[in-house]
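Fold and geometry: a report
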Amino acid sequence: MAELIRRPLFNPEGDTDVVNRRMIGGNTTNLNDFNNMKYPWVSDWYRQAMNNFWVPEEINMDKDIKDYPILDKPERRAYDKILSFLVFLDSLQSANLPNVAEYITANEVNLCLCIQTFQECIHSQSYSYMLDTICNPHERNEILFQWKDDEHLLRRNTFIGDQYNAFQEEKSMHNFLRVLIANYILEGIYFYSGFMFFYNLGRNGRMPGSVQEIRYINRDENTHLWLFRNILIELRKEEPELFTPEVDQMIKEMIEEGVRQEIEWGHYVIGDDIEGLNKQMVTDYIKYLGNLRYSNLGLGTLYEGYEDEPESMKWVSQYANANLVKTDFFEARSTAYAKSSALVDDL
């Protein structure tokens with residue numbers, strides 16, 4: 001299938017046989033039938049994502065208000081820049097996902113993309129809530145728009161943004177595949193050094209409200225990562241002719257570039273000046289993530305020697321568990337924020 005075909009909305013002549021349903025290029029009716037799904041994994045994904053519902057304002061930020069002004073200078077610089085990065089790309093995600101959905105003809109997968117779009121909006125709201133709580137409006141705006149002036153930050157955003165823009169300009173199969181891979185890189189590699197930084201703050205006893213917000217976001221992003229991994233795997237099954245050696249090389253090069261940029265960014269924004277982290281830890285962790293994402297597409301090993309989670313970074317996955325029972329700092333009472341178990345498929 002060389003041509004990318006936009007799905008119709010109202011299609012009375014659509015095929016109702018679930019066996020004939022396809023990820024792209026199918027003859028869909030767009031009827032959401034929860035009892036007849038072609039892809040068995042969608043049911044678990046949908047229930048998990050719905051159970052993940054949360055509201056940013058339910059998290060207590062009182063200690064963060066006190067902690068933020070007294071953060072070490074490198075920590076505060078990293079907090080501001082990483083938050084600016086996260087809010088920009090989550091905003092871009094919520095704008096771009098409907099463009100992807102226009103060409104997905106499996107209605108149950110489109111339901112998942114709708115939920116992801118909603119969750120990306122919640123993430124943007126959570127970053128605004130964090131900033132509105134800990135700093136004044138002028139500082140807030142400076143942080144939100146750092147990506148305009150910081151060349152490192154702009155370069156990272158440009159790598160993903162250019163893929164999305166290219167698809168807007170030319171809705172080709174080539175550009176569609178690049179958008180899927182860019183999304184996979186964003187969800188599975190780009191976000192993770194940012195999350196890692198916040199978890200390091202948490203293990204140093206600082207900014208607990210911010211840490212819990214990030215835990216919730218991380219839990220959502222795990223499902224998003226799983227979704228796009230499965231879309232790519234199903235596409236390879238249904239349209240094997242699309243995945244030529246040239247396309248597989250493109251995937252390899254894009255993931256390698258994502259890893260390279262993430263390491264460069266981590267060295268720039270975290271460096272060796274933050275308690276509990278250093279450049280080598282960042283490098284080891286991001287190469288491990290690159291391997292994990294690459295191998296989970298069935299493509300083998302990308303970086304020899306980085307197949308296992310680095311010993312120095314095992315605390316990251318422990319902090320990423322949003323379902324841990326937390327103790328409120330001021331009321332010393334148990335507070336179970338989470339409402340469902342976390343997907344661990346792609347961690």
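Look a little higher up for the structure.
Here the structure is a predicted model, which is why all the values come from computation and not from measurement.

Summing up its helical and strand segments, the protein has 12 helices and two strands in all. Going from the N terminus to the C terminus, the protein shows its helices and strands as α-α-α-α-α-α-α-α-α-α-α-α-β-β. Taken over C-alpha atoms, the radius of gyration comes to 20 Å for the protein, in line with the 20 Å a tight globule of 347 residues would show. Residues classed as buried in the protein amount to 56% of the 347 residues present.

What follows concerns a nonpolar patch on the surface. Taken together, the side chains of Phe53, Val55 and Phe118 present a nonpolar region at the surface, about 260 Å² in accessible area. Relative to the helices and strands, valine 55 is located in the loop between helix H1 (41–51) and helix H2 (62–67). Classification of valine 55 as partly exposed rests on a relative accessible area of 33%.

With that settled, the discussion passes to helix H9 (residues 208–238). For H9, built from 31 residues, the straight-helix expectation of 45 Å at 1.5 Å per residue is met to within 8% by its first-to-last C-alpha distance of 45 Å. Across the 31 residues that make up H9, a large majority, 28, are buried.

For the pair helix H3 (residues 73–101) and helix H10 (residues 245–269), the least separation of the axes is 10 Å and the interaxial angle reads 145°. Each of Arg77, Ala78, Lys81, Ile82 and Phe85 in H3 lies in contact with H10, whose residues at this interface are Trp265, Tyr268 and Val269. In the contact of H3 with H10, the residues fall into six nonpolar, no polar and two charged.

Bringing the packing of H3 against helix H8 (residues 173–203) into the picture now. How two helices sit against one another is set out by the angle between their axes and by the gap between those axes. Taken N-terminus to C-terminus, the directions of H3 and H8 make an angle of 155°; their axes are 10 Å apart at the nearest point. Classified by the interaxial angle, the pair formed by H3 and H8 is roughly antiparallel. Taken as a pair, H3 and H8 cross one another with a handedness that is left-handed. Taken together, the residues of the contact of H3 with H8 break down into 19 nonpolar, four polar and three charged.

A word on helix H11 (residues 279–295). Taking 1.5 Å per residue, 17 residues should reach 24 Å; H11 reaches 24 Å between its end C-alpha atoms and fits that length. Within H11, 13 of the 17 residues are buried, which leaves the element mostly enclosed by the surrounding structure.

Time to look at the state of the cysteines. Summed over all chains, the structure comprises zero disulfides. Sulfur of cysteine 114: no disulfide; nearest cysteine sulfur belongs to cysteine 112 and is 9.1 Å away. The cysteine cysteine 121 is free of any disulfide, with cysteine 114 supplying the nearest cysteine sulfur at 11 Å. Overall, the relative accessible area of 42% leaves cysteine 121 in the partly exposed class.

For the structure on display, the rule yields 21 aromatic pairs. Between phenylalanine 88 and tryptophan 147, the aromatic rings sit 4.4 Å apart at their centres with planes inclined by 45°, giving tilted as the arrangement. Of this pair, phenylalanine 88 sits in helix H3 while tryptophan 147 is found in helix H6 (residues 146–149), placing the two residues 59 residues apart along the sequence. Among the residues examined, tryptophan 147 registers a relative accessible area of 18% and is labelled buried. Taken together, Phe85, Phe159, Tyr190, Phe191, Tyr192, Phe195, Trp265 and Tyr268 form an aromatic cluster joined through their ring pairs. A cation sits over an aromatic face here: arginine 156 above tyrosine 190, 4.4 Å from the ring centre.

A few words now on the nonpolar core. If you look at the biggest cluster of nonpolar residues, it comprises 107 residues, and the most contacted ones within it are Tyr79, Val109, Phe176 and Phe198. The leading source of residues in this core is H8, at 20 residues. Here phenylalanine 176 is in contact with Leu4, Ile24, Val100, Tyr103, Ile104, Phe167 and Leu235, once residues within four sequence places are set aside.

So, on to the side chain of glutamate 187. Position of glutamate 187 relative to the elements: it lies in helix H8. With no salt bridge to any partner, buried glutamate 187 finds its closest opposite charge in arginine 293, at an N-O distance of 9.4 Å. Reaching out from glutamate 187, the side chain makes a polar contact with the side chain of glutamine 93 at a distance of 2.8 Å. A polar atom in the side chain of glutamate 187 sits 3.0 Å from the side chain of glutamine 116. In contact with glutamate 187, other than residues within four places in its own chain, are Gln93, Gln116, Glu120, Tyr192, Glu221, His224 and Leu225.

What follows covers the side chain of glutamine 116. Secondary-structure assignment places glutamine 116 in helix H4 (residues 107–134). Assessed through its relative accessible area of 0%, glutamine 116 is described here as buried. Once residues within four sequence positions are removed from consideration, glutamine 116 is found in contact with Trp45, Gln93, Leu97, Asn183, Glu187, His224, Leu227 and Phe228.

Reading the values: rules and limits
Residues numbered from 1 in each chain as written. Predicted model: local features only at pLDDT ≥ 70, side-chain atom pairs only at ≥ 80, totals over all residues. Heavy atoms only, no water. Helix = DSSP H or I, 4+ residues; strand = E, 2+ residues; numbered from the N terminus. Rg over C-alpha atoms; globule rule 2.2 N^0.38 Å. Buried < 20%, exposed > 50% of the residue type's maximum accessible area, 1.4 Å probe, protein only. Patch = residues over 30% accessible without salt bridge, like charges linked within 9 Å, V, L, I, M, F, W, Y side chains within 5 Å. Areas by Shrake-Rupley, 256 points an atom, 1.4 Å probe, with all protein chains shown as cover. Salt bridge = Lys/Arg side-chain N within 4 Å of Asp/Glu carboxyl O. Expected span 1.5 Å × (residues − 1). Axes fitted to C-alpha atoms, helices over the stretch in contact; angles between N-to-C directions. Contact = heavy atoms within 4.5 Å. Nonpolar A, V, L, I, M, F, W, Y, C, P; charged D, E, K, R; others polar. Parallel < 35°, antiparallel > 145°, perpendicular 65-115°, else oblique. Left-handed = near helix turned anticlockwise from the far one by under 90°. Disulfide = S-S within 2.5 Å. Phe/Tyr/Trp six-rings, centres within 6.5 Å; stacked < 30°, edge-to-face > 60°. Lys NZ or Arg CZ within 6 Å of the ring centre and 35° of its normal. Core = buried A, V, L, I, M, F, W, Y, C linked by side-chain atoms within 4.5 Å. Lys, Arg positive; Asp, Glu negative; His and termini not counted. Polar contact = N/O pair within 3.5 Å; in protein donor to acceptor, adjacent residues only side chain to side chain.

Just geometry here; none of it tells us what the structure is for.
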